[in-house]
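Commentary on secondary and tertiary structure
Listed below, chain by chain, are the residues.
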Amino acid sequence: MNKACVPVLFQPETSLPDSRAFSAEADIAMAHFLEMLQQLEQSLQGKDDTIQQQSRVIEELKQRIATLESYLRLARSQTYGRSSEKSEGQWDIFNEMGAPIPDEETPEADTHEPKPRANKKGRKPLPAHLPRHQVFAELTDEEKKGALTTFFRKSREELDIIPPVVRVLEYMQEVAVFPACPEQGGQQQLKLAALPKHPIPKSAVSIAMLTWIIIAKFCDALPLYRQERILGRYGGSLSRTTMANTLIRLSKQLQPLINLLMDNLRSGPLINADETRMQVLKEMSKSINSDKFIWNLLGGPPGQPAVVFHYDPSRSKEVPLRLLEGFHGYLQSDGYAAYSAVCKQEGITQVGCWDHARRKFKDAQKGEKPPGKGNPGQKASLASTALAKIARLYANEKVIKEATHDGKRQYRQQHSVPVLEEIKAWLDVNINRVEPGSLIHNAIGYAINQWPKLIVYCEDGLLNISNAAAENAIRPLTVGRRNWLFADTPDGARASAIYYSLIESAKANGLEPFEYICYVLKELPYADTVEKLEALLPWNVKASGELSSNTSLPKAA
């Protein structure tokens, strides 16, 4: 074959490109491409991380806004809404709550016949214990002419009042003059009649006037400047400064009686405690705008209830330590940490207050977004669910309201303890499902933290489900505080605590405050022994029958 006709399939090696140089360039290009791809992936990943981070921030901000909106709704509700803690319709959440309680489960105290239902039609009759003054409407002689006989019939009754009369009491002291006697130096002898003693010597204010001032301010929340105007309207003249100084002087004479009230209070098995703020302008240890406190204790043996108020500029645990020194029993209070520290140090059993726990869930419910656009409200909220569960506990308490202590304990063990176990399980499950810092989270957290104290009331029928007794006792002070606003000096604050103690203790023992205070002030100058001072304690005064029967009040629950 002709070599020239043979096709050339391969060229000499020297005529081909350098494969090693091409491979190096390709590697460089590939490395550059991979580097760019990695940078792009990192950039995309960074953007994804940024988007996720921003999404988390947006979600957190949404939750934060929702939480702040709930607090705003709560503040509006507290400002403009009703203050009642009753929840309308909360009973419909659980079907079993609508079922009646079987007769066999009712405590012994509820086996009595039901009270007849009062007839609500017509006007309520006027109190029978009030004195009656008859007003006669007589016929003229001409109208009666020819009548067989006449008589009077009662046609109607009207409630009347006699306005105060300001007068001056002149004490006329009889003086007997005896003839001169040589044994007495030859001079005539004088003998003066004993004058009634006054708790404040040389005071120009009578005991009745003192009592009127005390009751008007500390029972009826009437500031001294208004009393000054009222007295002026009736012709009297007594400045508010004189009133204030006189009340402070008198309170120091009453302090021994308050000490006896406190000793009696500590001798009982249960004390209800509470405290509230009070502004005192001239408290040397604190500034004008700082908080000072009035402490309130309610307790005592059965049949001898005592209510004691105590002023102290501090809210530290040293204050309840002093007040509860020597007490060994149950202390029912709110969740303030000072009470827990005192109970732990003194070996006192602390009882929680379901009113406070319920109130926090009620606040969470008030802070919820109302049903409407974007919130159909078809499913019960956590707050409503918790309130419905707590309502079952209060329903049990209503059933055993009149039962004995042993009957209450047995009924609670049988009916309330299972509900408490259900509530505790519900709290443990939901505490991690809600936003920290939200109203519902605060409510659940409070209930969990207070749980060991909240279940103590089931152990003894003497105990109550709430600390309402102390809150009710301290309410007159909080109402009066809205009118007189502040105390000028610490002495004035301590005097206020003394008068509130006497008035509320009188109410707790079923005594009319004016009659009791007036009786105490009359007898106080003669109480020169402990026995005579003890006779002025409200339960002893009630037992003695010294006060008029028509001024006694129903005994406080």
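Reading the values: rules and limits
Here the residue numbers are simple positions, counted from 1 along each chain's written sequence. Side-chain atom pairs in this predicted model are given and counted only at pLDDT of 80 or more, local residue features only at pLDDT of at least 70, and totals for whole chains, interfaces and linings cover all residues. Side-chain metrics rest on all non-hydrogen atoms present in the structure, leaving aside hydrogens and water. The criterion for an aromatic pair is that two Phe, Tyr or Trp rings (for Trp, the six-membered ring) have centres within 6.5 Å, with stacked assigned to planes under 30 degrees apart, edge-to-face to planes over 60 apart and tilted to the rest. Runs of E in the DSSP output that reach at least two residues are strands. Runs of H or I that reach at least four are helices, and both are numbered from the N terminus. A 1.4 Å probe rolled over the protein chains alone gives each residue an accessible area, and that area as a share of the maximum for its type sets the label: buried under 20%, exposed over 50%, partly exposed in between. The term nonpolar core refers to a set of buried residues drawn from Ala, Val, Leu, Ile, Met, Phe, Trp, Tyr and Cys, joined through side-chain atoms within 4.5 Å. Residues count as neighbours in contact if any of their non-hydrogen atoms are within 4.5 Å of one another. Buriedness of a pocket was judged along seven lines, with at least five required to meet protein on both sides within 12 Å; pockets are open sets of points on a 1 Å grid over the protein atoms alone, cavities are sets where a 1.4 Å probe fits but cannot get out, and lining residues have an atom within 4 Å of a point. Grid points are joined across faces, edges and corners, and a volume is the space filled by probe spheres set on the points. A helix is expected to reach a length of 1.5 Å times the quantity of its residues less one. For two strands to pair, DSSP has to find at least two bridges joining them. Counted as salt bridges are all cases of a side-chain nitrogen of Lys or Arg within 4 Å of a carboxyl oxygen of Asp or Glu. The directions from the helix axis to the C-beta atoms form the arc being described. Scored between 0 and 100, pLDDT is the confidence that the predictor attaches to each residue. Axis lines are fitted through C-alpha atoms, for helices just across the contact stretch, and the angle between N-to-C directions can take any value from 0 to 180 degrees. Angles are sorted into four bins: roughly parallel if under 35 degrees, roughly antiparallel if over 145, roughly perpendicular if 65 to 115, and oblique for all others. It is the rotation of the near helix from the far one that decides the hand of a crossing: anticlockwise by less than a right angle makes it left-handed, clockwise makes it right-handed.

In this section: the packing of aromatic side chains. For the coordinates displayed, the defined rule picks out eight aromatic pairs. Centre to centre, the rings of F309 and Y500 are 5.7 Å apart; their planes meet at 45°, and the pair counts as tilted. With F309 in strand β5 (residues 306-312) and Y500 in helix α14 (residues 490-508), this residue pair connects regions lying 191 residues apart in the sequence. The burial state of F309 is the same as that of Y500; both residues are buried. One aromatic cluster in this structure is built from F218, F309, Y499 and Y500.

In this section: the nonpolar core. Counting 76 residues, the largest nonpolar core has I214, L254 and Y516 as the members making the most contacts within it. With eleven residues, the top contributor of residues to this core is helix α5 (residues 240-266). Residues in contact with I214, not counting those within four places in the same chain, are C219, L247, L250, Y499, I503, I517 and L521.

Space left empty within the atom packing is revealed by a probe, the size of a water molecule, rolled over the atoms. Counted by the stated rule, this structure contains one cavity of 30 Å³ or more. Approximately 40 Å³ is the volume attributed to the largest cavity. Lining the largest cavity, in full, are A273, D274, W295, N296, L297, P320, L323, L324 and Y339. Residue assignment for the lining of the largest cavity shows that the elements contributing at least two residues are β3 (270-278), β4 (292-299) and α6 (318-323).

Once that is clear, we can look at α14. Counted at 1.5 Å a residue, the expected span for α14 with its 19 residues is 27 Å, and the 27 Å between its end C-alpha atoms agrees. Of the residues flanking the end of α14, it is G510, one or two places downstream, whose phi is positive at about 80°.

Before going further, it helps to examine the pairing of β3. Burial of β3 is extensive: eight of the nine residues sit out of reach of the surface. Alignment of β3 against strand β6 (residues 330-332), held across three bridges, turns out to be parallel. Within β6, the position partnered with N272 by the bridge is Q332.

Another aspect to go through is the pattern of salt bridges. Tallying each qualifying case throughout the model produces 19 salt bridges. One salt bridge in this structure joins D491 and R494, with 2.9 Å as the shortest N-O distance. With D491 and R494 both in helix α14, this residue pair falls three residues apart, about one helical turn. You can call R494 partly exposed: its relative accessible area is 40%. Residues joined in a network through salt bridges with shared partners are R132, K154 and E157.

Our next topic: unusual backbone geometry. One non-glycine residue, K202, lies in positive phi territory at about 65°. If you trace the backbone, K202 turns up in the loop between β2 (187-192) and α3 (207-218). Assessed through its relative accessible area of 89%, K202 is described here as exposed. Unlike most non-glycine residues, A221 shows phi in positive territory, near 60°. Examined against the element boundaries, A221 turns out to sit in the loop between α3 and α4 (224-233).

Moving on: α4. Among the residues of α4, those classed as buried are L224, Q227, I230 and L231. Seen along its axis, α4 keeps its buried residues to an arc of 110°; they face one direction. Opposite the buried face of α4, at more than 90 degrees from it, the exposed residues are R229 and R233. Elements in contact with the buried residues of α4: α3 and α5. Looking one or two places after α4, you find G235, whose phi comes out positive at around 100°.

The predicted model of the protein chain has a mean per-residue pLDDT of 83, with 85% of residues at 70 or higher. When the criterion is pLDDT under 50, residues 88-114 qualifies, and its contacts beyond four places in sequence or with other chains add up to 30 contacts. Confidence drops under a pLDDT of 50 for residues 549-557, and excluding neighbours within four residues, the segment shows 19 contacts in the predicted structure.

The geometry of helix α10 (residues 405-430) relative to helix α11 (residues 439-449) is characterised by a closest axis approach of 10 Å and an angle of 130° between their N-to-C directions. In terms of their interaxial angle, α10 and α11 are classed as oblique. Remark: the crossing between α10 and α11 carries left-handed chirality. Contact with α10, carried on its side by W426, L427, D428 and N430, involves I444, A447 and I448 of α11 and no other residues of that element.

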